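If you want the building blocks of each chain, they are given just below.
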Amino acid sequence: MAYWFRIFCSMDITKYSLDKLVEGLAKKEFSSVELLEQYKKNIDLQNGALNAILEVFERAKDSAQKADELRMKGDHRELLGIPYVTKDNICIKGEIISAGSRMLIRHRSVYDASVVKFLNEAGAFSFARSNMDEFAMGSSTEYSAFGPTRNPLNQKSVAGGSSGGSASAVASNMCAFALGSDTGGSIRQPASFCGIVGLYPTYGAVSRNGLIAMASSLDQVGPCARSVADAEYIHNILSRHDPRDARSVPLSERKREKRKGRSIGVPRNFIENDGVSVEVKANFEASLKRLEKLGYTIVDISIPLIEMSLPVYYILQTAEASTNLARYDGMRYGTRVEGSNLLETYKLSRGEGFGPEVQRRILLGTYVLSAGFFDSYYKKADTVRKMITRSLLDVFETVDVIATPTTPTVAFPLGSVQDPVAMYVADLFTVPANIAGIPALSVPSGLNSEGLAYGLHFMAPHFCEDALFSVGKDFEQTV
Amino acid sequence: MRSCILIHMKIDIQYIADLARIHIDEGKKASLEQDFESILSYVDSIQAVNLSGDISVPQFAMNQTREDIAETQDSSVRNALLGNMPKRSGDGLLVQNIL
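Basis of the calculations
- Residues numbered from 1 in each chain as written.
- Chains lettered and ligands numbered in written order.
- Predicted model: local features only at pLDDT ≥ 70, side-chain atom pairs only at ≥ 80, totals over all residues.
- Heavy atoms only, no water.
- Helix = DSSP H or I, 4+ residues; strand = E, 2+ residues; numbered from the N terminus.
- Buried < 20%, exposed > 50% of the residue type's maximum accessible area, 1.4 Å probe, protein only.
- Areas by Shrake-Rupley, 256 points an atom, 1.4 Å probe, with all protein chains shown as cover.
- Pairing = 2+ DSSP bridges.
- Contact = heavy atoms within 4.5 Å.
- Buried area = accessible area lost by both parts, 1.4 Å probe.
- Salt bridge = Lys/Arg side-chain N within 4 Å of Asp/Glu carboxyl O.
- pLDDT = per-residue confidence, 0-100.
- Core = buried A, V, L, I, M, F, W, Y, C linked by side-chain atoms within 4.5 Å.
- Phe/Tyr/Trp six-rings, centres within 6.5 Å; stacked < 30°, edge-to-face > 60°.

Observations regarding the overall build of chain B
In terms of regular secondary structure, chain B is built from 3 helices and 2 strands. Going from the N terminus to the C terminus, chain B shows its helices and strands as α-α-α-β-β. Burial analysis of chain B (99 residues in total) assigns 28% to the buried set. Accessible surface computed for chain B: about 6,900 Å², of which carbon and sulfur atoms make up 54%.

Some details on the pairing of strand S7 (residues 197–200) of chain A
All names here are of chain A. The alternating pattern of S7 places Val197 and Leu199 and Gly198 and Tyr200 on opposite faces, both of which are buried. As defined by bridge partners, S7 adjoins strand S8 (residues 220–225) across 2 bridges and the pair is classed as antiparallel. From the neighbouring strand, Gly198 faces S8, where its bridge partner is Cys224. Pairing geometry for S7 and strand S12 (residues 440–447), over 3 bridges, is antiparallel. If you follow Leu199 over to S12, its bridge partner there is Leu441.

Considerations on the interface of chain B and chain A
Taken together, the contact pairs 54 residues of chain B with 69 residues of chain A. Regarding the contact of chain B and chain A, the summed buried area is about 5,400 Å², with carbon and sulfur atoms giving 68% of it. Sorting the residues of chain B by area buried against chain A places Ile46, Phe60 and Gln96 of chain B first, and these three jointly supply 13% of that buried surface. Linking chain B with chain A are 4 salt bridges.

Things to note about the confidence of the model for chain A
Per-residue pLDDT for chain A averages 95, and the proportion of residues at 70 or more is 97%. A low-confidence stretch, residues 1–8 of chain A (pLDDT under 50), is modelled with 16 contacts involving residues beyond four sequence positions or located in other chains.

Quick notes on the pairing of strand S13 (residues 453–459) of chain A
All names here are of chain A. Of all 7 residues in S13, 7 are buried, a share of seventy percent or more. Here strand S11 (residues 401–405) pairs with S13 via 4 bridges, running antiparallel. Across the sheet, Pro405 pairs through a bridge with Leu456, a residue of S13. Linkage of S12 to S13, two consecutive antiparallel strands, is achieved through a turn of 5 residues, within which Gly451 is found at a positive phi near 80°.

Thoughts on the environment of Gly265 of chain A
Residues and elements named next belong to chain A. Its location among the elements puts Gly265 in strand S9 (residues 263–266). Taking relative accessible area as the criterion, Gly265 reaches 0% and is therefore assigned buried. Sequence spacing of Gly265 and Val395 is 130 residues, and the spatial spacing of their C-alpha atoms is 8.0 Å. Setting aside residues no more than four positions away along its own chain, Gly265 makes contact with Val299, Ile301, Val399, Val401, Ile402 and Ala403.

Notes on the nonpolar core
Membership of the largest hydrophobic core comes to 173 residues, with the highest contact counts inside it found for Leu79 and Phe135 of chain A. In this structure Phe135 of chain A touches Ala99, Ser101, Met103, Leu104, Ile212, Met214, Leu325, Tyr328, Phe354 and Val358 of chain A, once residues within four positions along its chain are discounted.

Notes on the packing of aromatic side chains
All names here are of chain A. Using the criterion set out here, one finds 16 aromatic pairs over all chains in the structure. Arranged with centres 6.4 Å apart and planes meeting at 20°, the rings of Tyr39 and Phe127 form a pair that is stacked. Pair noted here: Tyr39 is in helix H2 (residues 32–50) and Phe127 is in strand S3 (residues 125–130), with a separation of 88 residues, a long-range link. Residue classification places Tyr39 among the buried positions, given a relative accessible area of 0%. Considering the side-chain rings of Tyr314 and Tyr424, the 3.9 Å spacing of their centres and the 20° angle between planes classify their relative orientation as stacked. Remark: Tyr424 occurs in helix H14 (residues 420–424) and Tyr314 occurs in helix H10 (residues 309–324); sequence separation between them is 110 residues.

Digging into helix H7 (residues 228–238) of chain A
Of all 11 residues making up H7 of chain A, 9 are buried, and the element is well covered by its neighbours. When we look at burial in H7 of chain A, the residues that qualify are Val228, Asp230, Ala231, Glu232, Tyr233, Ile234, His235, Ile237 and Leu238 of chain A.

So this is what it looks like as structure tokens:
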């Protein structure tokens with residue numbers, strides 16, 4: 001079937017926002033096939049250096065052609081023909097899903113994740129999977145079994161992690177948007193490092209069905225996007241109740257108050273941390289000034305126990321991850337290394353299949369759950385988690401959103417952080433949102449003299465993503 | 001700050017690895033122990049927290065179960081599941097015997 005389209009050769013459609021893409025496709029200014037070809041061209045040009053994309057699916061062009069044909073037949077679904085990328089831990093039926101690990105190097109999904117189904121229903125199609133830290137454990141995408149992902153802003157620097165591939169792909173115009181997963185900052189931190197927008201939705205807002213589990217009480221799927229409006233667009237499609245996720249919150253339970261004020265709480269004690277670089281602090285203060293000029297009120301706040309978020313996180317997350325990764329035993333799926341008996345086969349398979357950071361975290365999680373340590377570590381961390389959540393909710397009685405830098409530093413050079421604890425500290429500002437299950441957004445807030453990006457991080461009460469989008473859009477226009 | 005119970009105990013990495021069913025090469029144990037000590041020292045800071053005060057928080061996400069109903073799938077799903085098995089004989093998953 002023939003269809004006509006006009007190609008605006010002078011305009012780079014790979015840089016278009018979602019709104020412009022949707023409009024352009026609807027008006028037949030370009031086709032889905034042409035759009036896909038432009039993204040693939042960018043991948044061909046840049047992915048050798050960036051290693052953001054692990055695989056472009058063979059069926060990608062067929063998906064684009066089908067979308068164009070459906071449009072000619074009168075299909076007007078809102079995202080029809082929009083190509084997007086999924087992190088390598090989100091199931092796409094029939095495609096390899098390896099979670100960045102040798103453990104699942106040949107594993108194929110047998111179903112689509114719910115988030116993929118929802119986007120497909122809207123007409124979009126996933127055409128590639130992006131690189132990530134192995135099993136989402138990392139803050140740099142240096143722990144992928146398939147090589148590190150580099151930052152498009154400065155290729156000597158990390159892209160952040162664990163959704164580094166997704167963030168790098170969006171920042172280098174390889175796709176319209178990408179899905180990532182966030183357990184302790186894994187969407188927001190790479191978004192900040194790569195100069196794009198990243199959202200962690202309220203825990204329970206977006207289905208985890210079809211997301212390879214890392215820490216079940218902390219994981220969420222969210223968008224890596226070019227703008228706050230794009231992130232909002234995708235979130236609104238994904239945010240719904242899904243009975244296939246046992247912790248998905250029914251719509252009737254998503255209670256939230258209307259936020260009328262424009263007050264921003266700043267936990268200065270928390271930000272005045274030796275690990276936060278001088279340039280990040282300076283950029284943060286400049287960002288606050290821009291918000292004040294827009295009419296926002298900046299309020300100094302104190303959040304009791306907020307500094308405990310990271311230690312609490314690394315106890316709970318490793319404990320949950322050690323349980324979730326127990327299934328990878330070389331039996332029903334995954335890498336198997338035969339030993340002399342069954343027990344040895346388990347140990348050799350897991351020793352071979354898992355990389356060093358995954359092994360470290362599984363061991364730590366096993367330790368904190370083991371007899372004699374469960375009360376002093378896991379149980380205590382769970383209680384402190386509730387206390388931190390209480391502190392944050394109490395603060396939201398006085399302010400509408402809380403602002404911090406997204407990361408304590410800009411993207412660091414590849415290979416420069418070897419100490420695991422130093423790597424964990426990269427999540428200092430993002431982790432509190434996961435601990436409390438509240439939504440959080442990272443918005444680009446400028447570049448330093450080396451072209452590396454800063455990010456501004458907002459947190460809001462449960463199910464108040466609208467407050468994040470509102471302040472995020474306002475702030476975006478000032479940068 | 002380590003609690004007084006924990007401070008005098010050396011981490012037995014081999015014991016933890018056995019619990020976790022992970023084989024660790026002898027050559028890697030020393031650095032793993034060092035990493036472990038460093039991480040534990042960091043997370044041990046929660047021991048200083050006094051567990052008092054209001055810790056009631058709203059619970060939006062409650063575990064919701066659904067009926068376990070078998071759904072018929074087409075053969076492609078079955079074949080995909082079989083295809084993911086590391087070792088098989090026909091439609092059977094092959095594992096080492098335990099008896």
